[in-house]
Amino acid sequence: MVVLDVALPIKRQVARVAPWFGPAFVAAIAYADPGNFATNFTGGATFGYQLVWVIVAANLMAMLIQSLSAKLGVVTGRDLPELCRENLSRPVSRVLWVQAELVAMATDLAEIIGGALALYLIFGIPLPVGGLITCVVAFALLGLQKRGVRRFEAVIGGLLGVILLGFVYDALRAGTDVAGIAGGLVPTFSGTDSLLLATGILGATVMPHVIYLHSALTKSRSAAAADPAERRTVLRCQRIDTLLALGLAGLVNLVMLTIAARLFFGSGIPGTDTLEGIHAGLGLTLDRYAALAFAIALLASGFASSSVGTYAGQVVMQGFIGRTIPLTLRRLVTMAPAMVILLVGVDPTAALVWSQVVLSFGVPFALIPLIWLTRRRDIMGDQTNHPVTTAIAMLAAALIIALNVFLVIRTFAA
């Protein structure tokens with residue numbers, strides 16, 4: 001924990017540690033992006049509380065992974081893609097870069113579709129137009145970085161608060177089934193469909209692009225943490241930052257699934273395996289204010305996560321290959337698949353779920369290098385991973401890989 005000097009006034013103590021907080025809240029917005037809405041609500045409406053354990057396990061993994069990424073940036077002053085380029089062969093770095101760009105496209109797919117769908121639900125704006133509006137707003141949010149990264153972090157944290165408030169309101173209206181939630185903590189599956197959703201939840205919770213991004217956000221803090229004592233303070237703050245931000249994101253994810261499970265599982269209400277159906281179902285079972293709270297939370301998620309995704313894409317390209325391209329060009333390339341899907345009329349919720357499955361396949365390509373680098377004493381010095389930390393992280397990576405392989409085998413065998 002952060003140790004505060006009791007001799008200092010509380011306001012001065014807070015001011016002393018406040019600059020070290022914020023990066024995890026930018027990363028956390030990706031853990032509450034529109035893909036999470038699709039997988040969590042679909043999982044709750046279709047399987048009730050059965051997949052609660054997946055959300056809890058995935059969130060615990062996310063806390064560990066993001067803590068390692070934050071530590072890497074603080075200790076080395078470089079981000080994960082940069083260190084991969086410095087410590088891996090050029091062909092390997094290029095392969096990692098290519099898969100990371102594909103992951104960025106899947107990320108943008110979820111975020112743009114989510115923002116477009118929210119604008120349609122609230123204002124009736126056609127999905128393709130809503131997709132363009134989401135991109136414009138994301139550019140505006142990214143522009144805040146020119147006025148200081150702290151301002152960008154504050155705005156993104158505020159949007160995470162909007163998402164949380166929307167779902168707290170809906171959860172209070174829907175009520176809570178404590179026994180159902182407790183039963184959902186027992187690991188179970190019921191066929192390939194539940195496994196697909198579990199993989200999607202994992203992909204929506206453990207996001208590969210923010211594994212890269214978090215280290216880039218914290219590396220700016222490394223210059224001020226050159227002194228060993230100050231570095232320890234910064235690392236403690238980063239751990240608390242991660243626990244707070246990911247804890248809030250995990251609560252949002254859990255509430256999504258429990259709302260859907262309580263209101264829609266076995267209800268016979270049609271269409272509750274889609275976000276449009278969830279919106280309509282909330283209006284039917286609760287009222288139009290509950291439906292509006294859901295749509296506003298989805299809109300805040302789409303806007304914020306889209307800007308964070310573009311930011312991560314720049315970090316990935318600059319780190320892996322040492323180059324950058326104009327944000328406008330990058331946005332046009334990564335938004336293309338989402339706009340095609342919106343134009344041809346593919347079901348938005350299905351596209352969101354599959355985008356999260358793609359993301360889950362990208363997690364090992366970010367996680368394995370992260371574990372490898374943070375366990376190396378020549379890179380991390382006295383902040384190298386404890387052997388137990390490395391073992392737990394390797395177990396998480398193995399679980400993710402095994403789940404993906406099992407999914408492929410079951411899907412093609414069906």
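Heads up: the structure comes first, above all this text.
What you see is a predicted model, and the numbers here were worked out from it, not measured in a lab.

A. Representation of the environment of Gly22 in the model. Relative to the elements of secondary structure, Gly22 occurs in the loop between α1 (10–17) and α2 (23–29). For the pair Gly22 and Val316, spaced 294 residues apart in sequence, the C-alpha separation works out to 20 Å. Here Gly22 is in contact with Arg150, Glu153 and Asp241, once residues within four sequence places are set aside.

B. Up close: a nonpolar patch on the surface. On the surface, Val340, Leu343, Val344 and Val346 cluster together into a nonpolar patch covering about 380 Å² of accessible area. Note on placement: Val346 falls in the loop between α15 (327–344) and α16 (348–374).

C. Seen up close, the pattern of salt bridges. Counted under the stated rule, the structure contains five salt bridges. Of the charged contacts in the structure, one is a salt bridge between Lys219 and Glu82, with a shortest N-O distance of 3.2 Å. Taken as a pair, Lys219 in helix α11 (residues 208–219) and Glu82 in helix α5 (residues 80–87) lie far apart in primary sequence, 137 residues in all. Take Lys219: its relative accessible area is 23%, and that puts it in the partly exposed class. With relative accessibility at 15%, the residue Glu82 sits in the buried group. With a closest N to O distance of 2.7 Å, Arg376 and Asp378 form a salt bridge. In this structure Asp378 comes out as exposed when scored by relative accessible area, which is 59%. When salt bridges with common partners are traced through the structure, they connect Asp79, Glu82 and Lys219 into a single cluster.

D. Spatial organisation of the packing of aromatic side chains. What the rule picks out here adds up to eight aromatic pairs. An angle of 70° between the planes, with centres 5.7 Å apart, marks the rings of Phe152 and Tyr311 as edge-to-face. Placement of the pair is Phe152 in helix α8 (residues 149–174) and Tyr311 in helix α14 (residues 288–321), with a sequence separation of 159 residues. Judged by relative accessible area, Tyr311 falls into the buried class, the value being 16%. For the pair Phe167 and Phe294, a centre-to-centre distance of 6.4 Å together with 75° between the ring planes defines the contact as edge-to-face. Of this pair, Phe167 sits in helix α8 while Phe294 sits in helix α14, and the two are 127 residues apart along the sequence. Overall, Phe167 belongs to the buried group, its relative accessible area being 1%.

E. Quick peek at helix α12 (residues 228–264). Its 37 residues give α12 an end-to-end C-alpha distance of 53 Å, which sits within 8% of 54 Å, the value for a rise of 1.5 Å per residue. One or two positions beyond α12, positive phi appears at Gly266, with a value near 70°.

F. Spotlight on empty space enclosed by the protein. Taken as a whole and judged by the stated rule, the model has two cavities of 30 Å³ or more. The space that makes up the largest cavity amounts to roughly 50 Å³. Those elements giving two or more residues to the lining of the largest cavity turn out to be α6 (90–123), α11 and α14. Among the elements that make up the lining of the largest cavity, the one with the highest residue count is α6 (four residues). Here the lining of the largest cavity is composed, by residue class, of six nonpolar, two polar and one charged.

Parameters at a glance
Residues numbered from 1 in each chain as written. Predicted model: local features only at pLDDT ≥ 70, side-chain atom pairs only at ≥ 80, totals over all residues. Heavy atoms only, no water. Helix = DSSP H or I, 4+ residues; strand = E, 2+ residues; numbered from the N terminus. Contact = heavy atoms within 4.5 Å. Patch = residues over 30% accessible without salt bridge, like charges linked within 9 Å, V, L, I, M, F, W, Y side chains within 5 Å. Areas by Shrake-Rupley, 256 points an atom, 1.4 Å probe, with all protein chains shown as cover. Salt bridge = Lys/Arg side-chain N within 4 Å of Asp/Glu carboxyl O. Buried < 20%, exposed > 50% of the residue type's maximum accessible area, 1.4 Å probe, protein only. Phe/Tyr/Trp six-rings, centres within 6.5 Å; stacked < 30°, edge-to-face > 60°. Expected span 1.5 Å × (residues − 1). 1 Å grid on protein atoms, 1.4 Å probe; cavity = no way out; pocket = protein on both sides within 12 Å on 5 of 7 lines; lining within 4 Å. Points joined across faces, edges and corners; volume = space filled by probe spheres on them. Nonpolar A, V, L, I, M, F, W, Y, C, P; charged D, E, K, R; others polar.

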